[in-house]
Amino acid sequence: MPSTTLRIPTPDGQADAFAAFPGDGERHPGVLLYTDAFGLRPELESKARELAGHGYYVLVPHLYYRHGPAPVIALPEHIGEEVRPAIITRLMPLLEEHTTERILRDADAYLGFLAAQPEVAAGPAAVLGYCIGGALALRTAAAFPGRVAAVAGFHPGFLVTDAPDSPHRLLSDLTAEVHLGLSENDMRPEAVDELNKALAATGVGYSTEIYPGSVHGYTMSDTDAFNPVALQRHWDRLLPLLHRTLAAG
């Protein structure tokens, strides 16, 4: 499966990124993939390659490019629970810099770059995210409705908050079909209810599902949260969503 590293011009600099795509010389639908909080690393590159194998051009930008190329902090091959809190503590200030304004400036650049690639077919893209990337994906889909046909988030975080610009409060223009695969400890039941009400009000097709036996991070095989059954459920939900909403991959 062909892959490459890229640099994406943004209003704030150059974002390094990874891309994977079919090697058949044809043009394929584009997918923008937002990483989890740990960022761009081999685990996410593997997911991009697997998705590309189903007929998509997958672009994975480095979230923290303003602080240098990935990785901005050294990560172990396996992010166990004994080291996870210290890593999150170091990353949290970088995550907090992701204001809505910055997120949408980046998203505009990423979607534009994706659409301009010669391997990418004309038409809207899908946006996919893990952990914090789920919130970025939902924000992107809501802000750029004509350019995003599907949005998916897995073990997403920060979808329902008290902030005036919480993602669930910004969905009025959403047109993309949505799937959110929650772990059992991602959100309180009342927050899930609030999210569902916000999605229902948009009139889009959507599903929110709690994946049985899962904890936050269940898709990531380089963490202790990994759950292979839940990972397969994620593929079982994601691939049909992309097939329904994008030109055949």
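Remember, it's a predicted structure, so these values are computed and weren't measured experimentally.

A. Region of interest: the pairing of strand 2 (residues 13–20). The element strand 2 is largely enclosed, with a buried count of 6 among its 8 residues. Here strand 1 (residues 3–10) pairs with strand 2 via 8 bridges, running antiparallel. Looking across to strand 2, one finds that Leu6 is bridged to Ala17. Between the end of strand 1 and the start of strand 2, which pair antiparallel, lie 2 residues.

B. A look at the packing of aromatic side chains. Inspection of the entire model under this criterion finds 4 aromatic pairs. Ring centres 5.3 Å apart and planes at 10° place the aromatic pair Phe21 and Tyr57 in the stacked group. Of the two residues, Phe21 sits in the loop between strand 2 and strand 3 (30–34) while Tyr57 sits in strand 4 (residues 57–61), which places them 36 residues apart along the sequence. By relative accessible area, Phe21 is classed as buried at 13%. Given the relative accessible area of 1%, Tyr57 is considered buried. Here the aromatic rings of Tyr211 and Tyr218 are separated by 5.2 Å at their centres, their planes lie at 40°, and the arrangement is tilted. Sitting over the face of the ring of Tyr211, Arg233 holds its NZ or CZ atom 5.7 Å from the ring centroid.

C. Representation of helix 1 (residues 42–52). Within helix 1, the full set of buried residues consists of Glu43, Leu44, Lys47, Ala48, Leu51 and Ala52. Of the surrounding elements, those touching the buried residues of helix 1 are strand 2, strand 3, strand 4, strand 5 (125–130) and helix 6 (228–245).

D. Here's a closer look at the sheet that holds strand 3. Taking strand neighbours across the sheet as the criterion, the 8 strands line up as 1-2-4-3-5-6-7-8 in an open arrangement whose pairing is mixed. The open sheet has two edge strands with one neighbour each: strand 1 and strand 8 (206–210). Each neighbouring strand pair of the sheet contributes to a mean axis angle of 20°, computed without reference to strand direction. Sheet topology places strand 2 next to strand 4; 4 bridges connect them, and they run antiparallel. Among the inter-strand pairings, Ala19 is bridged to a residue of strand 4, identified as Leu59. Along the sheet face, helix 1 touches strand 1, strand 2, strand 3, strand 4 and strand 5 and points at about 50° away from the line of strand 2.

E. Spatial organisation of the pairing of strand 5. When you tally the buried positions in strand 5, you get 6 out of 6 residues, the bulk of the element. Burial of the side chains of strand 5 extends over both faces: Ala125, Val127 and Gly129 are buried on one face and Ala126, Leu128 and Tyr130 on the other. Where strand 3 and strand 5 come together, 4 bridges link them in parallel fashion. Within strand 5, the residue paired with Val31 across the bridge is Ala126. Pairing of strand 5 with strand 6 (residues 148–154) involves 6 bridges; the strand directions are parallel.

F. Local environment of the pattern of salt bridges. Following the criterion strictly, the structure yields 13 salt bridges and no others. Between Asp222 and Arg41 there is a salt bridge, with its nearest N and O atoms 2.7 Å apart. Pair noted here: Asp222 is in the loop between strand 8 and helix 6 and Arg41 is in the loop between strand 3 and helix 1, with a separation of 181 residues, a long-range link. When salt bridges that share partners are traced, they join Asp12, Arg66, Glu101, Arg105 and Asp106 into one network.

G. Region of interest: the packing of helix 3 (residues 100–116) against helix 4 (residues 132–143). The N-to-C vectors of helix 3 and helix 4 enclose an angle of 70°; their axes lie 10 Å apart at closest approach. The pairing of helix 3 with helix 4 is recorded here as roughly perpendicular in orientation. Every residue of helix 4 that contacts helix 3 at Thr100, Ile103, Leu104, Ala107 and Leu111 is listed here: Leu136, Arg139, Thr140 and Ala143. Class assignment for the residues of the contact of helix 3 with helix 4 results in 6 nonpolar, 2 polar and 1 charged.

What counts, and at which threshold
Residues numbered from 1 in each chain as written. Predicted model: local features only at pLDDT ≥ 70, side-chain atom pairs only at ≥ 80, totals over all residues. Heavy atoms only, no water. Buried < 20%, exposed > 50% of the residue type's maximum accessible area, 1.4 Å probe, protein only. Helix = DSSP H or I, 4+ residues; strand = E, 2+ residues; numbered from the N terminus. Pairing = 2+ DSSP bridges. Phe/Tyr/Trp six-rings, centres within 6.5 Å; stacked < 30°, edge-to-face > 60°. Lys NZ or Arg CZ within 6 Å of the ring centre and 35° of its normal. Contact = heavy atoms within 4.5 Å. Axes fitted to C-alpha atoms, helices over the stretch in contact; angles between N-to-C directions. Salt bridge = Lys/Arg side-chain N within 4 Å of Asp/Glu carboxyl O. Parallel < 35°, antiparallel > 145°, perpendicular 65-115°, else oblique. Nonpolar A, V, L, I, M, F, W, Y, C, P; charged D, E, K, R; others polar.

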